[in-house]
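Coordinate inspection notes
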Amino acid sequence: MKLLLVEDDPLLGDGLRAALSKAAFAVTWVRDGKTALAALGSGEFAAMVLDIGLPGMNGMDVLRELRAAGDTLPVLILTARDTTRDKVVSFDRGADDYLVKTADMEELVARLRALIRRSGRGGGSLSVGDLTLDLVARSVTRNGNSLAVSSREFAVLRALMEGVGRVLTRGQLETSLYGWGRNVDSNAVEVHIHNLRLKLGAETIRTVRGIGYTLARPES
């Protein structure tokens, strides 16, 4: 999923881009408000992570122009400002969520995924080779044949397909299943991976020892 990151701090921006890329987002990173608006006009994004304190045009002005144009893109404000007033103004201007920069990265990823799910911008379906997920019907087909999967197996498979070619850690898969900050059974992900392999074939999901799991890109 394509994500627009608007952050002027080079060190923080680089770290956020790397972490969000590992979470299976395709990140476009810009450092000022005017460039952000230009990027929004030239590409389709699933969501935007927006700082308030930007050079030239601040984040609130970017948000105001976005909403004035009728754009309903999910926007998560990520800022050092932590007063109630700043939060109220952000929501009044049309922000969908608000986090301070001390927030844990897993929380940021979980909130972004929740915003994108609610908005429906994640797309109607995902396809990798002969495997297709219908995100609306929450169904799985392979070569046109329907496969019965549980809701949590679906969530794990969706995360792997969204991050196709990347290795996802158990922690990342747990976040896709339960959200951030939940205590889960230590082997929950392994159980769902095992069940998916029984249904999809053992070779479909590969274990990368000591790191996590990956769904390989199909050979062209």
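This section reports on the structure supplied with the text.

Criteria and cut-off values
- Residues numbered from 1 in each chain as written.
- Predicted model: local features only at pLDDT ≥ 70, side-chain atom pairs only at ≥ 80, totals over all residues.
- Heavy atoms only, no water.
- Helix = DSSP H or I, 4+ residues; strand = E, 2+ residues; numbered from the N terminus.
- Rg over C-alpha atoms; globule rule 2.2 N^0.38 Å.
- Buried < 20%, exposed > 50% of the residue type's maximum accessible area, 1.4 Å probe, protein only.
- Contact = heavy atoms within 4.5 Å.
- Phe/Tyr/Trp six-rings, centres within 6.5 Å; stacked < 30°, edge-to-face > 60°.
- Lys NZ or Arg CZ within 6 Å of the ring centre and 35° of its normal.
- Arc of directions from axis to C-beta.
- Polar contact = N/O pair within 3.5 Å; in protein donor to acceptor, adjacent residues only side chain to side chain.
- Pairing = 2+ DSSP bridges.
- Axes fitted to C-alpha atoms, helices over the stretch in contact; angles between N-to-C directions.
- Core = buried A, V, L, I, M, F, W, Y, C linked by side-chain atoms within 4.5 Å.

Here the focus is the overall build of the protein. Looking only at helices and strands, one finds eight helices and 12 strands in the protein. For 220 residues, the compact-globule estimate of 2.2 N^0.38 gives 17 Å, and the protein sits close to it at 18 Å. Over its C-alpha atoms, taken along the principal directions, the protein stretches across nearly 55 × 35 × 30 Å. A total of 220 residues make up the protein; the buried ones form 43% of that total. A separation threshold of at least 6 residues defines the contact pool for the protein, and within that pool the share at least 24 residues apart is 56%.

What follows is about the packing of aromatic side chains. For the coordinates displayed, the defined rule picks out zero aromatic pairs. Across the ring face of Phe-45, the terminal group of Lys-2 is positioned such that the distance to the ring centre comes to 5.0 Å.

In this section: helix α2 (residues 33–42). Buried within α2 are the following residues: Gly-33, Ala-36, Ala-39 and Leu-40. Looking straight down α2, one finds that the buried residues subtend no more than 115° of arc, so they occupy a single side. In α2, the exposed positions angled more than 90 degrees off the buried face are occupied by Lys-34, Gly-41 and Ser-42. Where α2 is buried, its residues touch β1 (2–6), β2 (26–30), β3 (47–50) and α3 (59–68). Measuring from the backbone nitrogen of Lys-34 back to the side-chain oxygen at the start of α2 gives 3.2 Å, which picks out Asp-32 as the cap.

Now for the environment of Ala-69. Inspection of the secondary structure puts Ala-69 in the loop between α3 and β4 (75–79). Between the C-alpha atoms of Ala-69 and Leu-157, which are 88 residues apart in sequence, the distance is 36 Å.

The next point concerns the sheet that holds β4. Strand order in the open sheet formed by five strands is β2-β1-β3-β4-β5, with parallel pairing between adjacent strands. Whereas interior strands pair on both sides, the edge strands pair on one side only; in this sheet they are β2 and β5 (97–100). Averaged over all neighbouring strand pairs, the angle between strand axes comes to 20°, with direction disregarded. Where β1 lies against β2, five bridges are found, and the strand directions are parallel. Paired with Lys-2 across the bridge in β2 is Ala-26. Contacts between α3 and the sheet are confined to β3 and β4, with β3 contributing the most and set at about 155° to the helix.

Here we take up the nonpolar core. Core analysis: the largest hydrophobic core is formed by 22 residues, its most contacted members being Leu-133, Leu-157, Leu-160, Met-161 and Leu-173. Among all residues touching Leu-173, those that are not within four sequence positions of it are Val-156, Ala-159, Leu-160, Leu-168, Val-189 and Tyr-213. Within the second largest apolar cluster, 21 residues are counted, among which are Met-48, Leu-50, Met-57 and Val-62.

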